[in-house]
Amino acid sequence: MPFNGEKQCVGEDQPSNSDSSRFSESMASLSDYECSRQSFTSDSSSKSSSPASTSPPRVVTFDEVMAAARNLSNMTLAHEIAVNENFQLKQEALPENSLAGRVKHIVHQAFWDVLASELNADPPEFEHAIKLFEEIREILLSFLTPGGNRLRNQICEVLDTDLIRQQAEHSAVDIQGLANYVISTMGKLCAPVRDNDIRELKATGNIVEVLRQIFHVLDLMKMDMANFTIMSLRPHLQRQLVEYERTKFQEILEETPSALDQTTEWIKESVNAELFSLSENALTPGAENTSKPSLSPTLVLNNSYLKLLQWDYQKKELPETLMTDGARLQELTEKLNQLKVIACLSLITNNMVGAITGGLPEFANRLKRISAVLLEGMNKETFNLKEVLNSIGVQTCVEINKTLMERGLPTLNAEIQANLIGQFSNIEEEDNPIWSLIDKRFKLYMKSLLCLPSPQKCMPPMPGGLAVIQQELEALGSQYANIVNLNKQVYGPFYANILRKLLFSEEAKADASPPTN
């Protein structure tokens with residue numbers, strides 16, 4: 001196993017400061033200065049920065065497809081372990097009433113029933129029990145570190161199957177004694193979380209049930225060992241992740257030359273959008289039109305990343321270079337959409353009754369918590385947003401009236417309440433001005449984050465109207481910036497080659513067509 005000579009980092013749940021900064025730093029090769037025309041029109045590039053091939057398409061064999069699939073699987077697993085601090089392996093439990101679950105139960109029960117009949121026979125038959133102890137011995141040995149020679153020798157001596165068979169032939173084998181030794185050894189090797197399971201094993205009297213539960217607890221211990229290994233390797237993977245992912249993706253690209261088609265289209269959409277915007281500005285009366293428009297590669301790439309915050313993850317395929325972060329980006333986008341709604345509701349409330357609630361910060365937080373609870377699951381297709389917004393409006397009016405009554409002030413009249421509820425319900429309508437304003441400020445904040453060298457050390461100023469969700473937005477913004485900056489570090493050479501071809505070819509300059517939504 002790699003890194004088994006390194007010191008195990010049992011309690012290290014978070015990467016070090018140097019690792020965090022390395023993950024969050026922007027990719028220097030795509031800065032405005034280094035992405036000059038000279039560097040992008042140069043023919044010299046490394047092998048890893050050549051995602052597109054100019055040779056004719058070739059037939060991809062089945063073995064090449066399988067090799068690419070293995071590389072993608074390994075790359076995805078390594079990425080998940082490195083960036084997800086909560087990543088763990090878990091046992092997959094079959095539903096009790098499922099066909100597979102019933103078949104498994106019947107087969108296992110039949111096995112243990114046969115073992116019970118053999119041990120209760122006269123004379124007892126020990127062959128199956130001996131094979132079980134042989135398997136238990138191998139599992140226990142797999143838990144030992146290279147330096148555990150004393151315990152290794154003891155396990156091999158006590159669970160010597162040849163000796164046990166000789167004892168069985170003379171009816172001198174002590175199955176219960178062997179089981180007790182196994183349980184005692186498991187207690188020395190298991191994690192503290194398994195102490196209760198070990199105590200239950202010691203209290204079990206039936207030998208067949210003891211053996212059955214021993215295998216159950218051993219399965220749990222194997223999962224604990226795998227997760228401990230993952231936790232120990234995580235710091236090493238974090239330090240080597242950029243080079244590892246880039247190398248693996250290059251291998252995938254060599255096996256499947258079309259592995260950057262979606263990524264190229266994703267960046268091309270941003271290029272066309274920027275070219276179209278510059279062309280429109282050039283046609284504006286009074287605008288100078290002295291030279292052809294030139295685009296910043298960093299601007300184009302950042303705009304591409306911003307599009308991910310409005311991506312339709314159910315219907316639209318992600319760029320290949322972002323597949324490993326697809327679930328994180330989707331979850332982040334869903335949380336941002338919820339925050340947008342909360343910010344809209346807060347802005348409407350402040351505009352209508354801000355004079356009454358302005359001096360009550362806890363009141364605004366209470367309304368935020370109420371809205372957040374009711375908006376849970378708003379990205380599901382079955383979620384009725386208009387109905388929920390109406391309910392939030394009604395609850396907001398109740399809270400406002402309650403606060404007014406506590407201060408000895410008259411409650412809101414029916415017209416104001418109806419107006420407030422109506423404005424809440426209209427948020428979901430297309431081109432709603434409040435939603436458009438908040439959405440624009442969200443994009444501005446996220447764009448500012450991508451321009452910072454290290455978002456963890458210095459967050460950009462919060463746009464007006466978003467103070468009520470500042471803490472949540474800064475947390476999500478930091479996650480988003482980390483995902484983007486790591487992605488730039490890994491796939492920067494591939495992006496550079498794509499941008500070189502899109503920005504500095506005569507065909508791309510001539511094709512300033514309107515962007516597609």
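Residues numbered from 1 in each chain as written. Predicted model: local features only at pLDDT ≥ 70, side-chain atom pairs only at ≥ 80, totals over all residues. Heavy atoms only, no water.

Draft legend 1. Structural detail: the overall build of the protein. Along the protein, the regular secondary structure elements total 19 helices and zero strands. Taken across its 517 residues, the protein has 42% of its residues classed as buried. In the protein, once contacts between residues fewer than 6 apart in sequence are set aside, the share between residues at least 24 apart is 77%. For the protein, the exposed surface amounts to about 28,800 Å²; the carbon and sulfur share of it is 53%. (Helix = DSSP H or I, 4+ residues; strand = E, 2+ residues; numbered from the N terminus. Buried < 20%, exposed > 50% of the residue type's maximum accessible area, 1.4 Å probe, protein only. Contact = heavy atoms within 4.5 Å. Areas by Shrake-Rupley, 256 points an atom, 1.4 Å probe, with all protein chains shown as cover.)

Draft legend 2. Local environment of the packing of aromatic side chains. Tallying each qualifying case throughout the model produces nine aromatic pairs. Ring centres of W266 and Y305 lie 5.5 Å apart, and the angle between their planes is 75°; on these two criteria the pair is classed as edge-to-face. In this pair, W266 sits in helix α11 (residues 261-282) while Y305 sits in helix α12 (residues 297-307), placing the two residues 39 residues apart along the sequence. Since its relative accessible area comes to 1%, W266 is described here as buried. When its relative accessible area of 1% is taken as the criterion, Y305 is described as buried. The structure contains a cluster of three or more aromatic residues connected by ring pairs, namely F249, W266, Y305, Y491, F494 and Y495. (Phe/Tyr/Trp six-rings, centres within 6.5 Å; stacked < 30°, edge-to-face > 60°.)

Draft legend 3. Just helix α18 (residues 470-503), in detail. With 34 residues, α18 ought to run about 50 Å at 1.5 Å a step, yet its terminal C-alpha atoms sit only 37 Å apart, falling short of that. The largest bend in α18 amounts to roughly 75° and is located at Y491, with the proline P493 lying one to four residues further along. When you tally the buried positions in α18, you get 26 out of 34 residues, the bulk of the element. (Expected span 1.5 Å × (residues − 1). Bend = angle between axes of the 7 residues up to and from the residue.)

Draft legend 4. Up close: the side chain of K340. Among the secondary structure elements, K340 is positioned in helix α13 (residues 326-357). Not counting residues within four places of it along the chain, the set of residues in contact with K340 comprises Q310, W435, I438, D439 and F442.

Draft legend 5. Main features of the pattern of salt bridges. Throughout the structure, instances matching the rule amount to 14 salt bridges. Here R137 ties to E138 by a salt bridge, and the two come within 3.1 Å at their closest N and O atoms. Take E138: its relative accessible area is 43%, and that puts it in the partly exposed class. In this structure, the salt-bridge partner of E399 is R366, at a minimum N-O distance of 2.9 Å. In this pair, E399 is assigned in helix α15 (residues 385-406) and R366 in helix α14 (residues 361-374), connecting sequence segments 33 residues apart. The network of salt bridges with shared partners includes R194, D197 and D224. (Salt bridge = Lys/Arg side-chain N within 4 Å of Asp/Glu carboxyl O.)

Draft legend 6. Layout of the nonpolar core. Ranked by size, the top nonpolar core spans 84 residues in total, and within it I267, Y305, L308, F442, M446, L473 and Y480 carry the most contacts. Counting residues per element, this core draws most heavily on α18, at 14 residues. Residues in contact with L473, not counting those within four places in the same chain, are L336, L339, F442, Y445, M446, M462 and L466. Counting residues in hydrophobic clusters, the runner-up holds 40 residues, among them I183, V208, V210 and I214. (Core = buried A, V, L, I, M, F, W, Y, C linked by side-chain atoms within 4.5 Å.)

Draft legend 7. Seen up close, the side chain of S270. With respect to the helices, strands and loops of the structure, S270 is situated in helix α11. Polar side-chain contacts of S270 include one of 2.8 Å to the side chain of S304. Residue contacts for S270: discarding those within four places in its chain leaves V300, N303, S304 and K307. (Polar contact = N/O pair within 3.5 Å; in protein donor to acceptor, adjacent residues only side chain to side chain.)

Draft legend 8. Seen up close, a nonpolar patch on the surface. Side chains of L99, V103 and V107 sit close together on the surface and give an oily, nonpolar patch of about 280 Å² of accessible area. Of note, V103 is situated in helix α4 (residues 99-119). Classification of V103 as partly exposed rests on a relative accessible area of 42%. (Patch = residues over 30% accessible without salt bridge, like charges linked within 9 Å, V, L, I, M, F, W, Y side chains within 5 Å.)

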